[in-house]
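Letter by letter, the chains look like this.
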Amino acid sequence: MNIMPEHKLSSVAPLNQCNAEKKEVELILVKDQNGVQYTSSSIIPSPSDRVGHIGTEDNRETWGKKIDFLLSVIGFAVDLANVWRFPYLCYKNGGGAFLIPYILFLVIAGMPLFYMELALGQYNREGAATVWKICPVFKGVGYTVILIALYVGFYYNVIIAWSLYYLFSSMTNELPWLGCDNSWNSENCTDPQFHKTWFSDVCVLCFCRRGVLHLHESRGIHDLGLPRWDLSLCLVVVVFILFFSLWKGVKSSGKVVYITATMPYVVLFVLLIRGVTLPGSMEGIKAYLHIDFKRLNNLEVWIDAATQIFYSLGAGFGVLIAFASYNKFDNNCYRDALLTTSVNCVTSFFSGFVIFSVLGYMADKHKVSIEDVATEGAGLVFIIYPEAISTLPGSTFWAILFFIMLLTLGIDSAMGGMEAVITGLTDEFKILKRHRKLFTFATAFLTFLYVQISRVFLPLQGGIYVLTLLDKYAAGTSILFGVLIEAIGVSWFYGVDRFSEDIERMMGFKPGLYWRLCWKFVSPLFLLFVVIASTLTSSGLKYDEYVFPDWANVVGWGVAMSSMLFVPFYAIYKFFSLSGSFKERIGYCITPEHEHHLVAEGNVRQFKVRPFFLLLWI
């Protein structure tokens with residue numbers, strides 16, 4: 001009879017009485033988390049199999065209810081871009097024909113990446129950084145996505161503050177962007193009811209650029225001016241909303257999303273009912289749904305579809321990993337991935353009817369074509385839509401309703417980004433976990449403090465230029481790069497076969513061949529395509545007619561590189577911080593931490609190379 005070495009036996013069965021007692025406790029924990037009554041300890045996975053859900057975070061909190069998790073994920077994924085970007089892209093890129101590449105990329109990349117992150121977080125029960133105990137050399141990508149989430153919070157919170165400012169401004173008998181006799185109006189201001197072309201000095205444009213942003217007091221990104229006290233105050237309110245939503249973890253944020261995740265759907269439905277009753281609305285909807293298959297010959301259409309599906313679902317920001325880490329171990333994250341990605345994309349398509357019914361009305365009112373009023377981004381929700389609302393009976397009510405929708409769309413997405421930062425760092429540094437409330441306040445306050453001290457933000461007179469820069473560079477190529485490395489790390493280094501076994505251990509079934517092929521081949525190739533395409537099609541920064549100086553683009557790339565460099569720098573640090581031969585160090589870098597004893601024996605799973613044709617078996 002062969003006797004196994006003691007260190008191997010210790011990873012399979014207890015060697016003393018103390019460990020035997022620990023085994024019994026683990027059996028109880030499995031019963032609590034999986035809801036299954038086990039009668040034999042032989043069916044409990046060994047410590048080497050149970051990578052993280054027991055033994056690392058036995059007392060980790062979980063969502064109060066399953067619906068809390070679903071609403072949180074949907075609330076994060078459904079954000080302002082669903083309203084102000086997708087409808088315009090669909091209209092610009094062939095209408096209904098745009099849905100072909102959009103749905104294709106959803107199926108071959110969006111859903112698989114979404115599913116992968118949910119499963120990764122749920123199985124390991126860790127945030128974006130510590131989840132890489134499965135392949136330590138890739139831990140740098142965890143810090144990359146955490147830093148990106150923090151960068152996005154810096155400017156996304158200010159966009160929410162905009163919405164809050166407009167909401168407060170709408171609480172009057174007459175909307176402030178009506179009429180040309182206000183202090184912020186220019187000498188050339190034109191009342192929209194007498195205005196026959198769109199982009200000019202109409203009242204609502206004056207209110208946005210001069211009354212809110214004070215752009216007329218800034219000559220460019222080099223001339224940012226002083227902080228605006230009114231926008232700064234709105235930002236303080238946003239920061240406190242985020243803090244009180246997150247300070248108790250998912251127990252508190254899971255309740256807030258009952259309002260923030262559902263309110264946008266109620267408002268969208270009400271606005272749609274009102275929109276379709278307006279004259280010209282059907283022409284707008286027809287323009288939105290027109291089908292032009294010839295546009296599919298244009299590479300730009302496919303690039304737009306690929307980038308939109310990626311950014312819309314929100315993979316790569318560490319949020320999905322963080323949210324899923326608070327799930328029960330046997331939660332069906334496969335079903336969750338299918339449900340939430342579908343809801344997100346249907347919401348994008350549905351919002352197009354809301355937007356284009358109003359754009360059709362505006363085109364009819366000003367006797368111009370849809371093309372003259374169709375736009376995307378902040379101009380759509382802070383200029384065009386408010387002008388349309390101001391012409392309706394009961395305009396104050398519709399304005400309040402619309403900006404409440406924008407506020408709730410932004411809040412739950414901002415909550416997700418901040419939760420990714422908090423979970424990622426508290427899992428890495430236990431002292432932060434012990435003082436989560438204080439750390440949550442510090443993180444929320446940092447987004448405000450950075451804005452004020454650095455004097456480079458939206459409450460400033462020229463802050464829109466900084467927002468434009470960060471929007472392009474802080475979470476542009478860098479987030480694409482981060483998710484590409486993440487997909488490679490999970491699929492090729494940790495291994496799709498092992499990842500599939502983890503999923504089977506959680507839910508009782510293995511992912512099908514389709515999902516495994518997507519994870520190993522299709523999704524990485526998709527991300528590589530998007531990274532290359534976005535880099536090649538990248539151009540210098542512009543905001544309306546203002547062209548950013550070359551040094552601003554250099555600063556932007558510096559912001560992007562500040563997060564991306566965590567990947568190679570941490571890999572180098574990890575390699576040189578280990579002891580052993582070159583091959584042993586590589587083995588430690590790419591082997592899950594709980595299997596490091598195998599490296600000492602020269603038994604590194606990743607060193608076993610298979611013939612290419614066997615890869616199809618994954």
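Rules of the game
Residues numbered from 1 in each chain as written. Predicted model: local features only at pLDDT ≥ 70, side-chain atom pairs only at ≥ 80, totals over all residues. Heavy atoms only, no water. UniProt positions renumbered as here; feature names shortened; annotations may be inferred. Helix = DSSP H or I, 4+ residues; strand = E, 2+ residues; numbered from the N terminus. Buried < 20%, exposed > 50% of the residue type's maximum accessible area, 1.4 Å probe, protein only. Contact = heavy atoms within 4.5 Å. Areas by Shrake-Rupley, 256 points an atom, 1.4 Å probe, with all protein chains shown as cover. Salt bridge = Lys/Arg side-chain N within 4 Å of Asp/Glu carboxyl O. Phe/Tyr/Trp six-rings, centres within 6.5 Å; stacked < 30°, edge-to-face > 60°. Axes fitted to C-alpha atoms, helices over the stretch in contact; angles between N-to-C directions. Left-handed = near helix turned anticlockwise from the far one by under 90°. 1 Å grid on protein atoms, 1.4 Å probe; cavity = no way out; pocket = protein on both sides within 12 Å on 5 of 7 lines; lining within 4 Å. pLDDT = per-residue confidence, 0-100. Polar contact = N/O pair within 3.5 Å; in protein donor to acceptor, adjacent residues only side chain to side chain. Points joined across faces, edges and corners; volume = space filled by probe spheres on them. Nonpolar A, V, L, I, M, F, W, Y, C, P; charged D, E, K, R; others polar. Expected span 1.5 Å × (residues − 1). Core = buried A, V, L, I, M, F, W, Y, C linked by side-chain atoms within 4.5 Å. Patch = residues over 30% accessible without salt bridge, like charges linked within 9 Å, V, L, I, M, F, W, Y side chains within 5 Å.

- Going by an unreviewed UniProt entry, the chain carries the name Transporter and comes from Takifugu rubripes.
- Here is the UniProt Sequence similarities (unreviewed entry) comment for the chain, exactly as written: "Belongs to the sodium:neurotransmitter symporter (SNF) (TC 2.A.22) family."
- UniProt, in its Subcellular location (unreviewed entry) section for the chain, records the words "Cell membrane".

## What about the overall build of the chain?
Okay, step 1: Of the regular secondary structure elements, the chain holds 27 helices and two strands.
Okay, step 2: Going through the 618 residues of the chain one by one, you find that 59% of them count as buried.
Okay, step 3: Taking the intrachain contacts of the chain between residues at least 6 apart in sequence as the baseline, contacts between residues at least 24 apart amount to 81%.
Okay, step 4: Surface accessibility of the chain: about 25,500 Å² in total, with carbon and sulfur atoms responsible for 65%.

## Brief notes about the pattern of salt bridges
Okay, step 1: Taken as a whole and assessed by the stated rule, the structure comprises twelve salt bridges.
Okay, step 2: A salt bridge links Asp-336 to Lys-66, with the nearest nitrogen and oxygen atoms 3.1 Å apart. Linking Asp-336 in helix α15 (residues 333-366) with Lys-66 in helix α3 (residues 66-77), this pair joins segments that are 270 residues apart in sequence.
Okay, step 3: Overall, Asp-336 belongs to the buried group, its relative accessible area being 2%.
Okay, step 4: Linking Lys-133 and Glu-126 is a salt bridge whose minimum nitrogen-to-oxygen distance equals 3.4 Å. Residues Lys-133 and Glu-126 agree in their burial class; the two are buried.
Okay, step 5: In the salt-bridge network here, residues are joined through shared partners; they are Arg-60, Asp-427 and Lys-433.

## Here's the deal with the packing of aromatic side chains
Okay, step 1: All told, the structure shown has 48 aromatic pairs when counted by the stated rule.
Okay, step 2: Taken together, a centroid distance of 5.4 Å and an interplanar angle of 80 degrees make the contact between Phe-243 and Phe-441 edge-to-face. On the criterion of sequence distance, the pair formed by Phe-243 in helix α9 (residues 229-246) and Phe-441 in helix α20 (residues 436-454) is long-range, its members being 198 residues apart.
Okay, step 3: Given a relative accessible area of 9%, Phe-243 falls into the buried group.
Okay, step 4: Judged by centre distance (6.0 Å) and plane angle (75 degrees), the rings of Tyr-334 and Phe-509 are edge-to-face. Of the two residues, Tyr-334 sits in helix α15 while Phe-509 sits in the loop between α22 (477-507) and α23 (513-536), which places them 175 residues apart along the sequence.

## Here's the deal with the packing of helix α11 (residues 263-275) against α15
Okay, step 1: Between α11 and α15, the least distance of the axes is 8 Å, while the angle of their chain directions is 35 degrees. Between α11 and α15 the crossing geometry is left-handed. Side by side, α11 and α15 meet where Tyr-265, Leu-268, Phe-269, Leu-271, Leu-272 and Gly-275 of the first sit next to Val-343, Thr-347, Phe-350, Ser-351, Phe-353, Val-354 and Ser-357 of the second.

## Overview of the UniProt feature "binding site: Na(+)" (unreviewed entry) in the chain
Okay, step 1: The UniProt record annotates "binding site: Na(+)" (unreviewed entry) at Gly-75, Ala-77, Val-78, Asn-82, Ser-312, Asn-344, Leu-409, Asp-412 and Ser-413. These annotated residues cover 339 residues of sequence, but their C-alpha atoms sit close together, with the largest distance between any two at 14.1 Å. Annotated residues from the preceding list that form part of the lining of the second largest cavity: these are Asp-412.
Okay, step 2: Residue placement: Gly-75 occurs in helix α3.
Okay, step 3: Judged by relative accessible area, which is 2%, Gly-75 ranks as buried.
Okay, step 4: The contact partners of Gly-75, leaving out residues within four places of it in the chain, are Ala-261, Leu-409, Asp-412 and Ser-413.
Okay, step 5: Looking at the secondary structure, you find Asp-412 in helix α18 (residues 395-428).
Okay, step 6: Excluding residues within four positions of it along the chain, Asp-412 makes contact with Gly-75, Phe-76, Val-78, Val-257, Thr-260 and Ala-261.

## Quick word on the confidence of the model for the chain
Okay, step 1: On average, residues of the chain score 82 in pLDDT, and 81% of them reach the 70 mark or higher.
Okay, step 2: A low-confidence stretch, residues 1-57 stays under pLDDT 50, and its non-local contacts, those more than four residues away or across chains, total 66 contacts.
Okay, step 3: Here residues 194-201 scores under 50 on pLDDT; set against residues more than four positions off or in separate chains, the count is 20 contacts.

## Digging into the environment of Arg-125
Okay, step 1: Tracing the backbone through its elements, the reader meets Arg-125 in the loop between α6 (99-124) and α7 (139-169).
Okay, step 2: Placed 201 residues apart in sequence, Arg-125 and Tyr-326 show a C-alpha to C-alpha distance of 6.7 Å.
Okay, step 3: From its side chain, Arg-125 meets the backbone oxygen of Asn-327 in a polar contact 2.7 Å long.

## Examining empty space enclosed by the protein
Okay, step 1: Here the structure, examined in full by the defined rule, presents five cavities of 30 Å³ or more.
Okay, step 2: Considering only enclosed or pocket space, the largest cavity measures out at about 80 Å³ in volume.
Okay, step 3: As for the largest cavity, its lining consists of Leu-271, Arg-274, Gly-275, Leu-278, Val-358, Tyr-385, Ala-388, Ile-389, Leu-392 and Trp-398.
Okay, step 4: Counting residues per element, the ones that place at least two in the lining of the largest cavity are α11 and α17 (378-390).
Okay, step 5: Residues belonging to the lining of the largest cavity are distributed by class as follows: eight nonpolar, one polar and one charged.
Okay, step 6: Within this model, the second largest cavity holds a volume of roughly 40 Å³.
Okay, step 7: Every element with two or more residues in the lining of the second largest cavity is listed here: α3, α10 (250-260) and α18.
Okay, step 8: Residue classes in the lining of the second largest cavity are distributed as four nonpolar, three polar and one charged.

## Digging into helix α13 (residues 299-313)
Okay, step 1: Counted at 1.5 Å a residue, the expected span for α13 with its 15 residues is 21 Å, and the 22 Å between its end C-alpha atoms agrees.
Okay, step 2: Across the 15 residues that make up α13, a large majority, eleven, are buried.
Okay, step 3: Every buried residue of α13 is accounted for by Val-301, Ile-303, Asp-304, Ala-305, Ala-306, Thr-307, Gln-308, Ile-309, Phe-310, Ser-312 and Leu-313.
Okay, step 4: For α13, the N-terminal capping position is held by Asn-298, with its side-chain oxygen 2.9 Å away from the main-chain nitrogen of Glu-300.
Okay, step 5: Once α13 ends, the next one or two residues include Gly-314, with phi positive near 80 degrees.

## Side note on the nonpolar core
Okay, step 1: Of all hydrophobic cores here, the largest spans 192 residues; its most connected members are Tyr-115, Phe-382, Phe-402, Phe-403 and Phe-499.
Okay, step 2: If sequence neighbours within four positions are ignored, Tyr-115 has contacts with Cys-333, Tyr-334, Ala-337, Ile-503, Met-507, Phe-509, Pro-511, Trp-515 and Trp-519.

## As for a nonpolar patch on the surface
Okay, step 1: Together, Met-561, Leu-565, Phe-569, Ile-572 and Phe-576 give the surface a local cluster of nonpolar side chains, amounting to about 500 Å² of exposed area.
Okay, step 2: When residues of the nonpolar patch are assigned to their parent elements, the largest contribution, three residues, is made by helix α25 (residues 566-577).
Okay, step 3: In this fold, Leu-565 is placed in the loop between α24 (550-564) and α25.
Okay, step 4: For Leu-565, a relative accessible area of 32% translates into the label partly exposed.

## Points about the side chain of Gln-122
Okay, step 1: If you trace the backbone, Gln-122 turns up in helix α6.
Okay, step 2: Dropping the residues within four chain positions of it, Gln-122 is found in contact with Ala-324, Ser-325, Asn-327, Lys-328, Phe-329, Asp-330, Asn-331, Cys-333 and Met-506.

## Description of helix α8 (residues 203-212)
An α-helix turns once every 3.6 residues. As a result, residues three or four positions apart point the same way.
Okay, step 1: Across the ten residues that make up α8, a large majority, eight, are buried.
Okay, step 2: Taken as a whole, α8 has its buried residues at Cys-203, Val-204, Leu-205, Cys-206, Phe-207, Cys-208, Gly-211 and Val-212.
Okay, step 3: Contacts from the buried residues of α8 go to α7, α9 and α17.
Okay, step 4: Phi turns positive one or two residues past the end of α8, at His-214, with a value near 55 degrees.

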